[in-house]
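The lines below spell out each chain.
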Amino acid sequence: MNQVPGKKLKVALLGCGVVGSQVIRLMREQAGDLAARIGAPLELAGVAVRRPGRARDVDVDPALITTDAEALVTRDDVDVVVEVIGGIEPARSLILAAMGAGKSVVTANKALLAEDGATVHAAARAGGADLYFEAAVAGAIPLIRPLRESLAGDHVHRVLGIVNGTTNYILDKMDSSGASFSDALEEAQALGYAEADPTADVEGFDAAAKAAILAGIAFHSRVTAADVHREGITEISAADVASAREMGYVIKLLAICARSEDGRSFGVRVHPAMIPRTHPLAGVREAYNAVFVEAESAGQLMFYGAGAGGAPTASAVLGDIVAVGRNLLAGTRGPEESTYADLTVHPMGETVTRYHVSLDVADKPGVLARVADMFAKQDVSIQTVRQEGLGADAQLVLVTHRASDAALSATIEGLRELDIVRDVVSVMRVEGEDAS
C-alpha cells in the first residue's frame, strides 16, 4: 500500500499492563511493516495509566505517560484510541468520550461489550467512528471478523466453543492426570493461567461475556451477559471426569449459541458438558481456545489458537489498528452493529440436549424401576443405564435421549424426593453429537 506523504496516525493507549505493554512492543518492532500495511506510520501519542511510577514490561518515554485519560482520548491530534484496561468503568466513560470526539476505538473489553454494547455501538455511529474488538473474544484467534464480515452472507445455525483458557487448562489436567479440581486450579495459578481470585473464570463469567458477544454477531440480535445461562466448573469432581473418560467423553466448559429449530429464537449458555473424544473440540488441550461454527452454506468451521496472553491479544489489537487506520486514510468506516433480525433469547428450560445423571441410591430391589418411572413421568427417555459400585456405595449412572432442560430439571426434583435416592451426585449435559 502506498503511504500518504507526511501523514501519521496517532494512537492513544489506555492501559499499559500485560496487553498494553505488548501493543507498544509490537508497534515498535513492526513499525515499518505496519506503516506499509496501513499506508501511514503509527505514532504513540500517549499512554494513560493509574500509577505512572510503576515498573513496566516495556520502556515508555515518561513524557508520554499521563494519568489524565480523558484529556488524552479527546486530544485533537489523536486518531485511534486503544482501550486495554478492562472492566466497565472508567473504560466506558473514556470510550464514549473518545467517540464523542470522533475518535475510532479498538478495545479488548469483553465485559463492557457484553453488558452495555448497545451504548458503545450507538456512540460509534453518532461519532462517525469505527469500533473494532477482535481481541475481546478468544485472544489471537480471528473470530469476530469472520463472523461479522466473512459469514455476513450466510446463515449461522450454531456457535460452540471453548473460550476460556483457564478452565480448559484445569479440566484438561483433571482428565489427563486424575487431579482434583482444587489441585488443578492450584497448578493453573502457579503457571499464571489463573488469577489469585479465579472467580470470573471458574464460575463462567468470562465465558458468558464472550458468548453474549458471539451470539449477537452470529444471530444479528442484541445480546447481553444477563441473557446467558451460566454455570461454572467448581462442582466438577475427579469422579465426574473419570466417568466421562470411561464412556469415551471429555468434560469441557462450553459456550453454546444455537438457533431454535424454527429459527425464531436462540439460546445462549455457558456450562460444563461432556463431548465425545472424537469431536474436534475434545482435542483442545491446556489453555488453548477453539470455536466451532456451523453455517448453512459454509458448513462446519473451526477456529483454534491461543485465547489469552499479552502477545496473542496484542496481535489481535494490532490487526484492528491496521483495519481502522486503513479506513481512516480511505475516508470510510468498518462494519457497524447488526441487530436487524431482533430475535428473542429463549429461556434455558426450552434448551434440548442429552444428560448424564449420577445417582447415589439404596441397594435393594425395585430401585431402577422407580427411578425409570420418575424419568418417564417427565417424558425423559433413558438411553443407557449402568450401576457403579456395590452395596452402600452403589450408584446409578444414566444417560438420556434428547429432552428439554425444563423436563430434566423436573425429573431431578422428583428424584430428590424419592426415599431410595440418597443423593443426586451430578447432572451434566452431553453435547457434540446427534444421538436422539
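Model, not experiment: these values are computed from the prediction.

### Some details on the overall build of the protein chain
Line of reasoning, step 1. The secondary structure content of the protein chain amounts to 14 helices and 18 strands.
Line of reasoning, step 2. Taking 436 residues into account, the globule formula puts the C-alpha radius of gyration at 22 Å, and the protein chain, at 24 Å, falls close to it.
Line of reasoning, step 3. Here the C-alpha coordinates of the protein chain stretch approximately 85 × 45 × 35 Å along the principal axes.
Line of reasoning, step 4. Residues counted as buried form 53% of the 436 residues belonging to the protein chain.
Line of reasoning, step 5. Partitioning the intrachain contacts of the protein chain with sequence separation of at least 6 by distance along the chain shows that 74% fall at a separation of at least 24.

### Some points on the pairing of strand 14 (residues 352-361)
Line of reasoning, step 1. For strand 14, the tally of buried residues reaches nine of 10 residues, placing the bulk of the element in the interior.
Line of reasoning, step 2. The pairing of strand 14 with strand 17 (residues 403-404) spans two bridges and is antiparallel. Bridging from a neighbouring strand, T353 pairs with A403 of strand 17.
Line of reasoning, step 3. Here eight bridges tie strand 14 to strand 18 (residues 421-430), and the two strands are oriented antiparallel to one another. Bridge pairing links V361 to V421 in strand 18.

### Quick notes on the UniProt feature "binding site: NADP(+)" (unreviewed entry) in the protein chain
Line of reasoning, step 1. Mapped onto the present numbering, the UniProt feature "binding site: NADP(+)" (unreviewed entry) falls at L14, G15, C16, G17, V18, V19, G20 and S21.
Line of reasoning, step 2. Relative to the assigned elements, G17 resides in the loop between strand 1 (9-14) and helix 1 (18-29).
Line of reasoning, step 3. Summarising the element assignment, S21 is placed in helix 1.
Line of reasoning, step 4. Owing to a relative accessible area of 1%, S21 belongs among the buried residues under this scheme.
Line of reasoning, step 5. Residues within four places of S21 in sequence aside, it is in contact with C16, D57 and V58.
Line of reasoning, step 6. Of the polar contacts made by the side chain of S21, one reaches the backbone oxygen of V18; its length is 3.3 Å.

### Considering the sheet that holds strand 5 (residues 104-107)
Line of reasoning, step 1. Read across the open sheet, the six strands follow the order 3-2-1-4-5-6; overall the sheet is parallel. Pairing within the sheet leaves two strands with one partner each, and these edge strands are strand 3 (65-66) and strand 6 (131-132).
Line of reasoning, step 2. Helix-sheet contacts for helix 4 (residues 91-100) involve strand 1, strand 4 (80-83), strand 5 and strand 6, and the interaxial angle to strand 5 is about 150°.
Line of reasoning, step 3. Its contacts with the sheet place helix 12 (residues 310-330) against strand 1, strand 2 (42-48), strand 4, strand 5 and strand 6, and it is angled at close to 165° to strand 5.

### A look at the pattern of salt bridges
Line of reasoning, step 1. Summed over the entire model, instances satisfying the criterion amount to 28 salt bridges.
Line of reasoning, step 2. Between D206 and K110 there is a salt bridge, and its shortest N-O distance comes to 3.3 Å. Remark: K110 occurs in helix 5 (residues 110-127) and D206 occurs in helix 10 (residues 205-219); sequence separation between them is 96 residues.
Line of reasoning, step 3. With a relative accessible area of 10%, D206 lands in the buried category.
Line of reasoning, step 4. Of the residues examined, K110 reaches a relative accessible area of 25% and is grouped as partly exposed.
Line of reasoning, step 5. One salt-bridge network, in which partners are shared between bridges, spans K8, K10, E43, R75 and D77.

### So, the UniProt feature "active site" (unreviewed entry) in the protein chain
Line of reasoning, step 1. The sites that UniProt annotates as "active site" (unreviewed entry) are K210.
Line of reasoning, step 2. Other than its neighbours up to four places away in sequence, K210 contacts K110, A136, V137, A138, V163 and N164.
Line of reasoning, step 3. Polar side-chain contacts of K210 include one of 2.7 Å to the backbone oxygen of V163.

### Remarks on a nonpolar patch on the surface
Line of reasoning, step 1. Where nonpolar side chains cluster on the molecular surface, the patch consists of Y288, M302 and Y304 and spans about 300 Å² of accessible area.
Line of reasoning, step 2. Along the chain, the position of Y304 falls in strand 12 (residues 299-306).

### Thoughts on the pairing of strand 11 (residues 288-295)
Line of reasoning, step 1. Among the eight residues of strand 11, seven are classified as buried, and the element is accordingly described as predominantly covered.
Line of reasoning, step 2. As judged from the six bridges shared by strand 7 (residues 156-162) and strand 11, these two strands associate in the antiparallel manner. Across the sheet, the residue bridging to V159 is V293, located in strand 11.
Line of reasoning, step 3. Inspection of the sheet shows strand 11 paired to strand 12 by eight bridges, in the antiparallel sense. Bridged to V293 within strand 12 is L301.
Line of reasoning, step 4. The loop that links strand 11 with its antiparallel partner strand 12 comprises three residues.

### Describing the nonpolar core
Line of reasoning, step 1. Ranked by size, the top nonpolar core spans 80 residues in total, and within it M99, V156, I170 and L214 carry the most contacts.
Line of reasoning, step 2. Sorting elements by how many residues they give to this core places helix 10 first, with 11 residues.
Line of reasoning, step 3. With sequence-adjacent residues up to four places away left out, V156 is seen in contact with L147, L151, A218, F219, R259, V293, E294 and A295.
Line of reasoning, step 4. In this structure, M27, A40, V47 and V80 belong to the second largest nonpolar core, which totals 34 residues.

### So, the side chain of T167
Line of reasoning, step 1. Along the chain, the position of T167 falls in helix 7 (residues 165-177).
Line of reasoning, step 2. A residue is classified by how much of its surface remains accessible, and T167, at 0% relative accessible area, is buried.
Line of reasoning, step 3. Once you skip the residues sitting within four places of it in the chain, T167 turns out to touch D201, V202, I233 and L253.

### Comments concerning helix 1
Line of reasoning, step 1. With 12 residues, helix 1 should reach 16 Å at 1.5 Å per residue; the first-to-last C-alpha distance of 17 Å fits that figure.
Line of reasoning, step 2. Turning to helix 1, its buried residues number three or more, namely V19, G20, S21, Q22, V23, I24, L26 and M27.
Line of reasoning, step 3. In this structure, the buried side of helix 1 is in contact with strand 1, helix 2 (31-38), strand 2 and helix 12.

The rules behind these values
Counting from 1, residues in each chain are numbered in the order their sequence is written. Side-chain atom pairs in this predicted model are given and counted only at pLDDT of 80 or more, local residue features only at pLDDT of at least 70, and totals for whole chains, interfaces and linings cover all residues. Side-chain descriptors were evaluated using all non-hydrogen atoms of the structure, hydrogens and water having been removed beforehand. Helix and strand definitions follow DSSP, with helices as H or I runs of at least four residues and strands as E runs of at least two, each counted in order from the N terminus. Our radius of gyration looks at C-alpha atoms and nothing else; its globule reference is 2.2 Å times the residue count to the power 0.38. Partly exposed residues are those whose accessible area sits between 20% and 50% of the maximum for their type, while under 20% is buried and over 50% is exposed, using a 1.4 Å probe and protein chains only. Contacts are assigned to residue pairs that have any heavy atoms within 4.5 Å of one another. In short, DSSP must find at least two bridges between two strands for them to pair. UniProt positions are given in the numbering used here, feature names are shortened, and annotations may be inferred rather than shown by experiment. Two N or O atoms count as a polar contact when they lie within 3.5 Å, although within protein this holds only if one can serve as hydrogen donor and the other as acceptor, and sequence-adjacent residues are included solely when both atoms are side-chain atoms. Angular values range over 0 to 180 degrees, each being the angle between N-to-C directions of two axes fitted as lines to C-alpha atoms, with helices fitted over their stretch in contact. Salt bridges are defined as contacts in which a side-chain nitrogen from Lys or Arg sits within 4 Å of a carboxyl oxygen from Asp or Glu. Only residues above 30% relative accessible area that lack a salt bridge enter a patch, with like-charged residues linked at up to 9 Å and the nonpolar side chains Val, Leu, Ile, Met, Phe, Trp and Tyr linked at up to 5 Å. For accessible areas, the Shrake-Rupley method is used with a probe of radius 1.4 Å. Any residue's cover is judged against the shown protein chains and nothing else. Residues belong to a common nonpolar core when they are buried Ala, Val, Leu, Ile, Met, Phe, Trp, Tyr or Cys residues joined through side-chain atoms within 4.5 Å. The span expected for a helix works out to 1.5 Å for each residue beyond the first.

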